[in-house]
Amino acid sequence: MASASHRRSLRKRRTVVVTAAVAAAGVGAGLFVMNANADAVDLYHQALPAKDGWAASGSGTTGGAKADSAHTYTVSTRAQLVKALGSVSDTTPRIIKVKGTIDANTDDSGKKLSCADYAAGTGYSLASYLKAYDPATWGKKAPSGTQENAREAAEAKQKKNIVFRVPANTTIVGVPGTNAGIKGGSLQVQNVDNVIVRNLTFAATEDCFPQWDPTDGSAGEWNSNYDSVTLRGATHVWADHNTFTDAPFFDSAEKTYFGRKYQIHDGALDITNGSDLVTVERNQFTNHDKTMLIGSSDTDSTGKLRVSIHHNVWKGIVQRAPLARIGQIHLYNNFYDTTTLNGYAAKYSLDSRAKAQVVAEHNAWKLPSGAKAAKLLSGDGTGSVAGGGNLVNGTATDIVAAYNAANSKKLKTTVNWTPTLTAGLEKSAKSLPTALVTTTGAGVLS
């Protein structure tokens, strides 16, 4: 469904949304979209509309729109999903309809797999790992030897089961009305072009075997693998109307070892290793810590990492919404609710570093009592954030000025580019807190 302002933006993109709800309630949905001078296009064959963010650049993003019937699949189990994805080197257009929730932690027969199942036969146990690498006796050097090798072996077994490699020219869409999603899995879009991911809930992406790194920071950290969706060297990707959450197991319930949280969650949607031409729109990001990383390091690919992020809801997010490096990022018409949720307390929303060129405009923030606009941003002194029209608790606020006034490492206020692929850009953020809550995330398209 879509708000009235969303409908207007669709008209600007020369599309018409056709549903019974339009006449009944004045709001649109998404099963059939009719492009001007074209036949009706169903949800599964829909391509990214023209000028809708960076993914519309060049050839645009069509996913599996050209798939024939032999390459159109309906899947409801992990084994079916693996078969439908096929070989990552097969670029034949394909459409994968996900019906219901697929549990990635199952074997080919559908039997549930636990962390203990992955560890079986490897010699790994958490108790033995903790004993082997206790900083009091092991010191500050990286883990190595019997238990680290066993952890890596157990990790490899889980990875083989829960990581799904997505080929080029693929559309993966949740079937409306089925609570479609992937539980405990990780979609990996790596070194491929032209992928669409829509209408799915990604939940409980968890690493059974976090690695202890005593050199990470002053006190060490437990680091996990597996983003719910990871883009590595991917181009022309459209992520639309998805929901990302740690539920049902939240970070607040995690145990502490060596004085640090035993972190089993990694990113929600990370865009790294020279990924480029990506549009992330109308998703819900909730109950998560390190949510979206753009650029894997300060030396990631210059001239790439061009990402548009618009009309998303960020609620119960600690940080990285996003953390941006190097690229040209357009962040517009998003709603951030920074109220603590299920123990997830906000540190900041947007981090611009490593010379990132961010345009952040017409976004809305909801801050709880006592919170300050100066803490909405972060940076290393080399990143830029331009743009205006941002609202904090309904009041127009220069969020960059607020940050710079309180921090020594200033954000730059000019960028080296001007966004032009801006379909749907609303010049007022006033309605976003109410409009986006019911028009974003999985389960909205019908």
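K.L.:
Sorry if this is basic, but what is going on with unusual backbone geometry here?
P.N.:
Negative phi characterises most residues that are not glycine, and trans characterises most peptide bonds. Residue Pro 248 is reached from Ala 247 by a cis peptide bond, and omega for that bond is 10°. Note that Pro 248 resides in the loop between strand S17 (243–245) and strand S18 (256–257). Going from Ala 321 to Pro 322, the amide bond is cis rather than trans, its omega being 0°. Mapped onto the secondary structure, Pro 322 falls in the loop between strand S25 (313–319) and strand S26 (323–325). Even without being glycine, Asn 191 reaches a positive phi, approximately 55°. Along the chain, the position of Asn 191 falls in the loop between strand S10 (186–190) and strand S11 (193–198).

K.L.:
Please clarify how the sheet that holds S17 should be interpreted in this entry.
P.N.:
Across a sheet, paired strands are connected by hydrogen bonds in the backbone, their directions being either parallel or antiparallel. One open sheet holds the ten strands; their spatial order is S6-S9-S12-S17-S22-S25-S28-S31-S34-S35, and the pairing between them is mixed. Edge positions in the sheet fall to strand S6 (101–103) and strand S35 (395–396), since each has one partner strand and no second. Bridge count between S17 and strand S22 (residues 284–290): three bridges; the pairing is parallel. In the sheet register, Thr 245 faces S22, and the bridge partner there is Thr 286.

K.L.:
What is the right way to look at the environment of Leu 113 in this model?
P.N.:
Relative to the helices and strands, Leu 113 is located in the loop between S6 and helix H4 (115–119). By relative accessible area, Leu 113 is classed as buried at 16%. A sequence separation of 64 residues divides Leu 113 from Pro 49, and the C-alpha atoms of the two residues are 40 Å apart. Ignoring any residue separated from it by four or fewer positions in sequence, one finds Leu 113 in contact with Asn 105, Thr 106, Asp 107, Tyr 118 and Asn 161.

K.L.:
Explanation requested: the packing of aromatic side chains in the structure shown.
P.N.:
Here the distance between the centres and the angle between the planes together describe a pair of aromatic rings. Summed over the entire model, instances satisfying the criterion amount to 18 aromatic pairs. Taken together, a centroid distance of 5.0 Å and an interplanar angle of 70° make the contact between Trp 222 and Tyr 262 edge-to-face. Of this pair, Trp 222 sits in strand S14 (residues 221–223) while Tyr 262 sits in the loop between strand S19 (260–261) and strand S20 (269–272); the two residues are 40 residues apart in sequence, bridging distant segments of the chain. Trp 222 sits in the buried class, given a relative accessible area of 2%. One aromatic cluster is present, built from ring pairs that chain together Tyr 124, Tyr 129, Tyr 133, Trp 138, Phe 209, Trp 212, Trp 222, Tyr 257, Phe 258 and Tyr 262. Between Arg 306 and the ring centre of Trp 54, over which it is positioned, the NZ or CZ distance is 5.1 Å.

K.L.:
Quick question: what am I supposed to make of helix H7 (residues 146–162) here?
P.N.:
At 3.6 residues per turn, the α-helix brings residues three or four places apart onto the same side. With 17 residues, H7 should reach 24 Å at 1.5 Å per residue; the first-to-last C-alpha distance of 25 Å fits that figure. Regarding H7, the residues found buried are Gln 147, Glu 148, Ala 150, Arg 151, Ala 154, Glu 155, Gln 158, Asn 161 and Ile 162. Along H7, the residues classed as buried sweep out an arc of 160° about the axis, all on the same side. Facing away from the buried side of H7 by over 90 degrees, the exposed positions are Thr 146 and Lys 160. Where H7 is buried, its residues contact helix H3 (78–85), H4, helix H5 (126–132), strand S7 (163–165), S10 and strand S13 (211–213).

K.L.:
How should I be thinking about the pattern of salt bridges in this particular structure?
P.N.:
This structure, assessed with the given rule, holds eleven salt bridges. Asp 108 is paired through a salt bridge with Arg 78; the nearest N and O atoms lie 2.8 Å apart. Of the two residues, Asp 108 sits in the loop between S6 and H4 while Arg 78 sits in helix H3, which places them 30 residues apart along the sequence. The class of Arg 78 is buried, set by a relative accessible area of 8%. Residue Arg 282 pairs with Glu 281 through a salt bridge whose shortest N-O separation is 2.1 Å. Its relative accessible area of 3% is what places Arg 282 among the buried residues. With relative accessibility at 2%, the residue Glu 281 sits in the buried group. Among the charged side chains, a network of salt bridges with common partners joins Glu 148, Arg 151 and Glu 155.

Parameters at a glance
- Just so you know, the residues in each chain are numbered from 1, in the order the chain's sequence is written.
- Confidence filtering applies because this is a predicted model: local features only for residues at pLDDT of at least 70, side-chain atom pairs given and counted only at 80 or more, and all residues used for totals across whole chains, interfaces and linings.
- As a convention, hydrogens and water are excluded, and side-chain values are obtained from all of the structure's heavy atoms.
- Each helix is a run of H or I in the DSSP string that is no shorter than four residues. Each strand is a run of E no shorter than two, and both are numbered from the N terminus.
- Following DSSP output, two strands are said to pair if at least two bridges run between them.
- Accessibility here uses a 1.4 Å probe with only protein chains present; expressed as a share of the type maximum, an area under 20% marks a residue as buried, one over 50% as exposed, and anything in between as partly exposed.
- By definition in these notes, contact holds between two residues if any of their heavy atoms fall within 4.5 Å.
- Stacked, edge-to-face and tilted are the three classes for Phe, Tyr and Trp ring pairs, Trp counted by its six-membered ring, which pair at centre distances within 6.5 Å; planes under 30 degrees apart are stacked, over 60 edge-to-face, the rest tilted.
- Any Lys NZ or Arg CZ found within 6 Å of a ring centre and within 35 degrees of that ring's normal is scored as a charge over the ring.
- A helix is expected to span 1.5 Å multiplied by its residue count minus one.
- This arc describes the spread of directions from the helix axis toward the C-beta atoms.
- We define a salt bridge as a side-chain nitrogen of Lys or Arg found within 4 Å of a carboxyl oxygen belonging to Asp or Glu.

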